[in-house]
Every structure is written in C-alpha cells, then in structure tokens.
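Observations on the model geometry
Single-letter residue listing:
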Amino acid sequence: MARPRRSDDTRALLIEEGAVGLLSNGYHGTGIKQVLDKVGVPKGSFYNYFDSKESFAHAVIEHHSLCVQRNLAEAFGGAPDALTGLRRFFGTLTADFVAADYTGGCLIANLGGELEGSETLRTALSAAWAAWRDGVAGALRTAQAEGTVRADIDAVDLADLLLESWEGAVIRMKIDRTVEPLDKCLRRLLDDYFRP
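Residues numbered from 1 in each chain as written. Predicted model: local features only at pLDDT ≥ 70, side-chain atom pairs only at ≥ 80, totals over all residues. Heavy atoms only, no water.

1. As for the overall build of the protein
Put simply, the rule is: Runs of E in the DSSP output that reach at least two residues are strands. Runs of H or I that reach at least four are helices, and both are numbered from the N terminus. Buried, partly exposed and exposed residues are distinguished by accessible area as a fraction of the type maximum, computed with a 1.4 Å probe on protein chains only: under 20%, between the cut-offs, and over 50%, respectively. Only heavy atoms matter for contacts: two residues are in contact if any of them lie within 4.5 Å across the pair. Only the protein chains shown count as cover for residues, and the accessible areas themselves come from Shrake-Rupley with a 1.4 Å probe.
Assigned secondary structure in the protein consists of 8 helices and 0 strands. Listing every helix and strand of the protein by position from the N terminus yields α-α-α-α-α-α-α-α. Over its C-alpha atoms, taken along the principal directions, the protein stretches across nearly 65 × 35 × 30 Å. Counting every position in the protein, which comprises 196 residues, the buried fraction comes to 41%. Residue pairs in contact within the protein that sit at least 24 positions apart in sequence constitute 66% of those at least 6 positions apart. Counting only carbon and sulfur atoms, one obtains 52% of the accessible surface of the protein, whose full area is about 10,200 Å².

Structure representation (structure tokens):
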C-alpha cells in the first residue's frame, strides 16, 4: 500500500489541535490518537508528519511562540504608544481567558511545569519564553524612550518581572475564576512600579 502523501495543511491542523489538547490536558494527558481522530487522520499516518510525540510537542510549542509574536505585533500595530500596545496585548489575553471560562492558561507555563524530563522540550519552551520576553522588553524599551516607563531598570529585567508576575496571576485567575488577579498585576506594575 502506498504511503499517504504528506500535506502541510494536515500537519498544521495536527499542530493546532495538538495545542488545544496540550493546553487542556497537558503533555502526558494528551493522546496522539485523540488528536488524530479530531483531525480525521489515520493513526498510522502520524509518523508521516512527526518523528515522535516529543517532536510533535516541539512543533506545537514553536507554533504557539509564533502566535504570541504575531499577537504582540497586532497589539502594537496602530497603538499611539508602547504602553497602550502592551495593554492591548494583555487585554486580548484576558478576554481569551474569559471566553475560555478561566481554563487553559498559558501553554508555556503549563508545559514548563510538566516537562522537566525532556531537554528537547525544555529548550523549546525556553526559546518560546525568551521570544515572548524579548517582544515585551522591546515594547518596554520603547516606552522608556517615550518617558512612560522608568529607565533605571533594564527593559529585559522589567519584562521578566511582568511576565513572571502575569503567569502567577494566571494561576490565581484559574483558581479563583476571576480576572481580578490579572488586572491587579497590570495595575501594580504598569501603573505603579514601572512608572518613572
């Protein structure tokens, strides 16, 4: 029997469905068969697209990272200043959490807490985090130049603080089922500590 032809569209669908599964159920709770069934791909065809479940998760992490970078670019497009762009970005994330009924959270953080044993995935998660942090740091650097964010602390350090605080607030949001921790995180940092 001839091997099915690899389709980039099918691979993209598998990655998108994999992102949903990994976000909802984690790495260990997401079965390849359930992802394949959702996309309508025969079980034996998985290896036409990925070498292993680990390489599949790696592709999902890279896809997620690109989506975050795209969302950052969209938030800053047409924003009158960098802080407004940051607020738009985090506002979109907040709206997504509400639409998902406070479930899911952040794929990077969720998998980071689960995948301590895989160096391949740890490296992919680290790269995804760095790309996100660097995008936020770029916005903060611009805000420093605009005079709306304190310049006595490096923008990368501020971005780390913001994202690490945000991730903690996401956990609290999921526990308490309210966006108040997210709003409080942004208020305390963007409207207070980060001010010049």
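2. Remarks on the nonpolar core
Note the following rule: To define a nonpolar core, start from buried Ala, Val, Leu, Ile, Met, Phe, Trp, Tyr and Cys residues and group those joined through side-chain atoms within 4.5 Å.
Residues F90, W132, V136, L140 and W166 are the most contacted members of the largest nonpolar core, which totals 60 residues. Elements represented by at least two residues in this core include exactly helix 1 (8-29), helix 2 (32-39), helix 3 (53-76), helix 4 (82-99), helix 5 (107-112), helix 6 (119-146), helix 7 (155-176) and helix 8 (180-193). With 11 residues, the single largest contributor to this core is helix 6. If near-sequence neighbours (up to four positions away) are discounted, L140 is found in contact with L86, V149, A155, L158, A159 and F194.

3. Here we look at the packing of helix 6 against helix 7
Axes are the key here: two packed helices are described by the angle between their axes and the distance separating the axes. Selection rule: The convention used is that axes are lines fitted to C-alpha atoms, helices contributing only their stretch in contact, and that angles between N-to-C directions extend from 0 to 180 degrees. Oblique is the label for every angle not falling under 35 degrees (roughly parallel), over 145 degrees (roughly antiparallel), or within 65 to 115 degrees (roughly perpendicular). By convention the crossing between two helices is left-handed if the near helix lies anticlockwise of the far one by an angle smaller than a right angle, and right-handed if it lies clockwise.
Two numbers describe how helix 6 lies on helix 7: the axes approach to 8 Å, and their chain directions differ by 120°. Relative to helix 7, helix 6 is oriented oblique. Regarding helix 6 and helix 7, the two cross each other, and that crossing is right-handed. In this structure, helix 6 contributes W129, W132, R133, V136, A137, L140, R141 and Q144 to the contact, and helix 7 contributes A155, V156, L158, A159, D160, L162, L163, E164, W166 and E167.

4. As for the packing of aromatic side chains
The test is simple: Two rings belonging to Phe, Tyr or Trp (six-membered ring only in the last case) form a pair when the distance between their centres is within 6.5 Å. Interplanar angles under 30 degrees mark stacking, angles over 60 mark edge-to-face geometry, and anything in between is tilted.
Tallying each qualifying case throughout the model produces 9 aromatic pairs. Ring plane angle 35° and centroid distance 5.5 Å describe the contact between F46 and F50, whose orientation is recorded as tilted. The two residues F46 and F50 agree in class, both being buried. Aromatic side chains Y193 and F194 sit 6.1 Å apart centroid to centroid with 55° between the ring planes, which places their arrangement in the tilted category. Accessibility expressed as a relative area gives 38% for Y193, which makes it partly exposed. Site record: aromatic cluster; members linked through ring pairs are F46, Y47, F50 and F56.

5. Brief notes about helix 3
Under the convention used in this document: An expected span of 1.5 Å times one less than the residue number is assigned to each helix.
In this model helix 3 runs 35 Å from its N-terminal to its C-terminal C-alpha over 24 residues, within 8% of the 34 Å that 1.5 Å per residue would give. Those residues of helix 3 not exposed but buried are F56, A57, A59, V60, I61, S65, C67, V68, L72 and A75.

6. Quick word on unusual backbone geometry
With a phi angle near 60°, D101 is a residue other than glycine that sits in the positive phi range. Within the element layout of this structure, D101 appears in the loop between helix 4 and helix 5. Backbone geometry at R177 places phi at a positive 55°, although glycine is not the residue there. As for its position among the elements, R177 is in the loop between helix 7 and helix 8.

7. Description of the side chain of E167
For clarity, the cut-off: Counted as positive: Lys and Arg. Counted as negative: Asp and Glu, with His and the chain ends omitted from the count. When a carboxyl oxygen of Asp or Glu is within 4 Å of a side-chain nitrogen of Lys or Arg, the pair counts as a salt bridge.
Structurally, E167 can be placed in helix 7. For the buried E167, which has no salt bridge, the nearest side chain bearing the opposite charge is K174, at an N-O separation of 8.2 Å. Beyond its immediate stretch of four places on either side in the chain, E167 contacts C106, A109, W129 and W132.

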